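Now for the letters of each chain:
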Amino acid sequence: MPLADHLRELRNRLAKALLAIVAITVVAAFYYNDIINLITRPILDSIGCEHNFSELAKVKDAHCAQITVNGLLTPFTLALKVSLMAGVVFASPVWLYQLWGFIAPGLHKHEKKYAYSFVGTGVPLFLCGAYFAYTVLPTTAKVLIGFTPDNTSNLLPLDDLLDLVLRMVLVFGLSFELPLLLVFLNLIGAITGKRMLGWWRAMIMGITVFAAVATPSTDPLTMLALAAPIWVLYFAATAFSLLNDRRRKRRDAEGPADDEASDLDLTPEDIGDVESVSAGRVPEQSTGESDRINGYDDVT
């Protein structure tokens, strides 16, 4: 299609994606309290608090961290943030389909196959990481709130709590995508499985340090809950890369198929020494000056 048609198609698909996000955001606004309770309930349960966040302001419980909202406009902005976050998440099938519909016509058949494989693997990996974050949060909250001194109240701003939950979900989810990134680099020939296998000591140390930083609690079990799955996924990616390298070597040894063109060596060759040519007069050229026009033999 011409460029203008591509731009019109992009505009239409963006409009459909934004419309889906806005529609689900409006619906999520009616369930704002339920979404907040879904996020905060595991944390409150872990510290022995039987009240939801809307009741904590009226209850004085030494075992509960009081979840607060500061400022006149904060409740409105918080409701807008939570509703918009829910709209983006629950409308993801729509805007992902629109994105795929825009780029798919420009992909070859094998490229579409790779795209389906990466999306089909990447989404479950991200969801697994998000689930681990959701299960780790209660233990994290229990350890951190345990540092509160006696005879003091812990005021926990709700917007900070939501930011912490969202940050941990994104960090855990993206960390589970590391093996997929390594597999992609192997498929395009950037790294080999043998090199990945040689990195195993550094990768184990790096993943462990990352897990210790990403989990705010000092509990070693919480750190291992994040590090151990990534270790397993890393070695699975290494095994896949080793098998893929073996398959690539076997295919290169067999040569191109009957319907494939062989690789051409387009490297320039040395032409050797330059042979000098004398600038003598061509025999057929006229020797007289009277039959020349502006110094040439004819009009041309």
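Residues numbered from 1 in each chain as written. Predicted model: local features only at pLDDT ≥ 70, side-chain atom pairs only at ≥ 80, totals over all residues. Heavy atoms only, no water.

What follows is about the overall build of the chain. Secondary structure assignment for the chain yields 10 helices and two strands. Ordered by position from the N terminus, the helices and strands of the chain form the series α-α-β-α-α-α-β-α-α-α-α-α. Put simply, the chain has 300 residues, and 29% of those count as buried. If you take every contact in the chain between residues at least 6 apart in sequence, the share linking residues at least 24 apart comes to 72%. Approximately 20,700 Å² of the chain is accessible, and the part contributed by carbon and sulfur atoms is 65%. (Helix = DSSP H or I, 4+ residues; strand = E, 2+ residues; numbered from the N terminus. Buried < 20%, exposed > 50% of the residue type's maximum accessible area, 1.4 Å probe, protein only. Contact = heavy atoms within 4.5 Å. Areas by Shrake-Rupley, 256 points an atom, 1.4 Å probe, with all protein chains shown as cover.)

Further remarks concern a positive patch on the surface. Residues Lys109, Lys113, Arg246, Arg247, Arg250 and Arg251 make up a contiguous surface patch of positive charge. Elements with a contribution of two residues or more to the positive patch: helix H5 (109-145) and helix H10 (220-254). At four residues, H10 tops the list of elements feeding residues into the positive patch. (Patch = residues over 30% accessible without salt bridge, like charges linked within 9 Å, V, L, I, M, F, W, Y side chains within 5 Å. Salt bridge = Lys/Arg side-chain N within 4 Å of Asp/Glu carboxyl O. Lys, Arg positive; Asp, Glu negative; His and termini not counted. Charge placed at Lys NZ, Arg CZ, Asp CG, Glu CD.)

What follows deals with the packing of aromatic side chains. Enumeration over the complete set of coordinates arrives at two aromatic pairs. With a centroid separation of 5.6 Å and an interplanar angle of 35°, the aromatic rings of Phe132 and Phe176 are classed as tilted. Of this pair, Phe132 sits in helix H5 while Phe176 is found in the loop between helix H6 (158-175) and helix H7 (178-187), placing the two residues 44 residues apart along the sequence. Judged by relative accessible area, Phe132 falls into the partly exposed class, the value being 26%. For the pair Tyr234 and Phe235, a centre-to-centre distance of 5.4 Å together with 65° between the ring planes defines the contact as edge-to-face. Overall, Phe235 belongs to the partly exposed group, its relative accessible area being 33%. (Phe/Tyr/Trp six-rings, centres within 6.5 Å; stacked < 30°, edge-to-face > 60°.)

Grouped burial of nonpolar side chains is what soluble globular proteins tend to show. By size, the foremost hydrophobic cluster in this structure holds 37 residues, and its most contacted members are Leu158, Leu162, Phe172 and Leu226. Counting only elements with at least two residues in this core, the list comes to helix H2 (32-46), helix H3 (74-90), H5, H6, H7, helix H9 (200-214) and H10. With seven residues, H6 is the single largest residue contributor to this core. (Core = buried A, V, L, I, M, F, W, Y, C linked by side-chain atoms within 4.5 Å.)

Residues spaced three or four apart along an α-helix face the same direction, because each turn holds 3.6 residues. An ideal rise of 1.5 Å per residue puts 26 Å on 18 residues; H6 measures up with 26 Å between its terminal C-alpha atoms. Residues of H6 that are buried include every one of Leu158, Leu161, Leu162, Val165, Met168, Val169, Phe172, Gly173 and Ser175, and no others. (Expected span 1.5 Å × (residues − 1).)

Let's shift gears to the pattern of salt bridges. One side chain can pair with another of opposite charge once the charged atoms of both are near each other. Enumeration according to the criterion identifies three salt bridges in this entry. Between Arg248 and Asp245 there is a salt bridge, with the nearest N and O atoms lying 3.1 Å from each other. One end of the pair, Arg248, and the other, Asp245, are both in helix H10, three residues apart, so they sit about a helical turn from each other. On the basis of relative accessibility, which here comes to 11%, the residue Asp245 falls in the buried class.

The terminal C-alpha atoms of helix H4 (residues 92-103), which comprises 12 residues, lie 16 Å apart, in line with the 16 Å expected from a rise of 1.5 Å per residue. Along H4, the residues classified as buried are Ser92, Gln98 and Gly101. Check the buried side of H4 and you find it contacts helix H1 (3-30) and H3.

We now examine the environment of Gly198. Relative to the assigned elements, Gly198 resides in helix H8 (residues 193-198). Overall, the relative accessible area of 54% leaves Gly198 in the exposed class. For the pair Gly198 and Thr238, spaced 40 residues apart in sequence, the C-alpha to C-alpha distance is 9.9 Å.

Structurally, Ser92 can be placed in helix H4. You can call Ser92 buried: its relative accessible area is 19%.

This next bit is on the packing of H3 against H6. Put simply, H3 and H6 touch, their axes get as near as 11 Å, and they point 20° apart. Taken together, the axes of H3 and H6 lie roughly parallel to each other. In the crossing of H3 with H6, the sense of the turn from one axis to the other is left-handed. In this structure, H3 contributes Thr74, Leu78, Lys81, Val82 and Met85 to the contact, and H6 contributes Leu158, Asp159, Leu162, Asp163 and Leu166. Its residues placed into classes, the contact of H3 with H6 shows six nonpolar, one polar and three charged. (Axes fitted to C-alpha atoms, helices over the stretch in contact; angles between N-to-C directions. Parallel < 35°, antiparallel > 145°, perpendicular 65-115°, else oblique. Left-handed = near helix turned anticlockwise from the far one by under 90°. Nonpolar A, V, L, I, M, F, W, Y, C, P; charged D, E, K, R; others polar.)

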